[in-house]
Amino acid sequence: MRIDILTLFSEMFENVLGHSILKIAREKGLVQYNLFNIREYADNKRCVDDRPYGGGPGMVMKPEPVFNTVGAIEQQTDVRPRKILLTPQGARFSQSIARELAKEPYLMLICGHYEGFDERIRIGLDVFEISIGDYVLSGGEIPAMVVVDAVVRLIPGVLGDQESAASESFSDDLLEYPQYTRPAEYRGMKVPEVLMSGHHQKIKEWQREHALKRTVERRPDNLNKI
Ligand code: ADE
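Residues numbered from 1 in each chain as written. Predicted model: local features only at pLDDT ≥ 70, side-chain atom pairs only at ≥ 80, totals over all residues. Heavy atoms only, no water.

A. Region of interest: helix H8 (residues 200–218). Between the first and last C-alpha of H8 there are 27 Å, a value that for 19 residues agrees with the 27 Å anticipated at 1.5 Å per step. At its buried positions, H8 is contacted by helix H9 (220–223). (Helix = DSSP H or I, 4+ residues; strand = E, 2+ residues; numbered from the N terminus. Expected span 1.5 Å × (residues − 1). Contact = heavy atoms within 4.5 Å.)

Below you can see the structure in the form of structure tokens.
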């Protein structure tokens, strides 16, 4: 998969893309990350935002630097990306959207800053708008990292067999069952006997039961999807 990230703050990504699963995915040749600094494509490099028409607080990201960046990238290749705009007004990001995006060969994530985007970016670029939750962040960079992480770990081959099998064993709408590792007792708290019994059928039943119990207690809204 190719992932292009258009941002005013490309340095913010270097650490995140250079560690853990995102780094391993690149090293395995399963994903390629390209960072584009929107400012470099602006007609006037000092000016990527401006005051909103009609007044109001804050600054709005101008259309031309974003259109110029997308245009320059599209000149390099005939393959058209799935364009994603990170905005609090977008569709709520979820595991099912991540799964859908993991099938794409080429994603382009466009990060805004300031109060928002000029509406013509939405209208003219055919973007899929994504919000990572009902709160306002100061830019689309952290949301883009969230989307990249959630998507890349789903690309076949990125996670080891064991990890991917574990994450697929139950429906995505069920919360995880409680997990334990050594020692068998810690500060008076014991690991449930059944998990140490070696009885695979019983262990599976325990895990399913506790995943359901946790979902009922914490996310009853998820239950009708199961
Ligand atoms: N930009 C600012 N806030 C955001 C959010 N919650 N999701 C996606 N992009 C954003």
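B. Fine view of the environment of Ile121. Within the element layout of this structure, Ile121 appears in helix H5 (residues 119–125). When the C-alpha atoms of Ile121 and Met61 are compared, they prove to be 9.1 Å apart, with 60 residues separating the residues in sequence. Not counting chain neighbours up to four residues away, the residues in contact with Ile121 comprise Met61, Lys62, Pro63, Val66, Phe67 and Leu85.

C. Quick peek at the site of the ligand. With respect to spatial proximity, the complete set of residues near the ligand consists of Leu86, Thr87, Pro88, Ile130, Ser131, Ile132, Gly133, Tyr135, Val136, Leu137, Gly139 and Pro143. A distance of 3.1 Å is found between a nitrogen atom of the ligand and a backbone nitrogen or oxygen belonging to Thr87. Here Ile132 contributes a backbone N or O atom positioned 3.0 Å from a nitrogen atom of the ligand. Relative to its unbound accessible area of 260 Å², the ligand is 96% covered by the protein chains. Looking at the shell around the ligand, the elements that each hand over two or more residues are strand E5 (82–92) and strand E8 (128–131). Among the elements that take part in the shell around the ligand, E5 stands out by supplying 3 residues, more than any other. (Near = heavy atom within 4 Å. Polar contact = N/O pair within 3.5 Å; in protein donor to acceptor, adjacent residues only side chain to side chain. Areas by Shrake-Rupley, 256 points an atom, 1.4 Å probe, with all protein chains shown as cover.)

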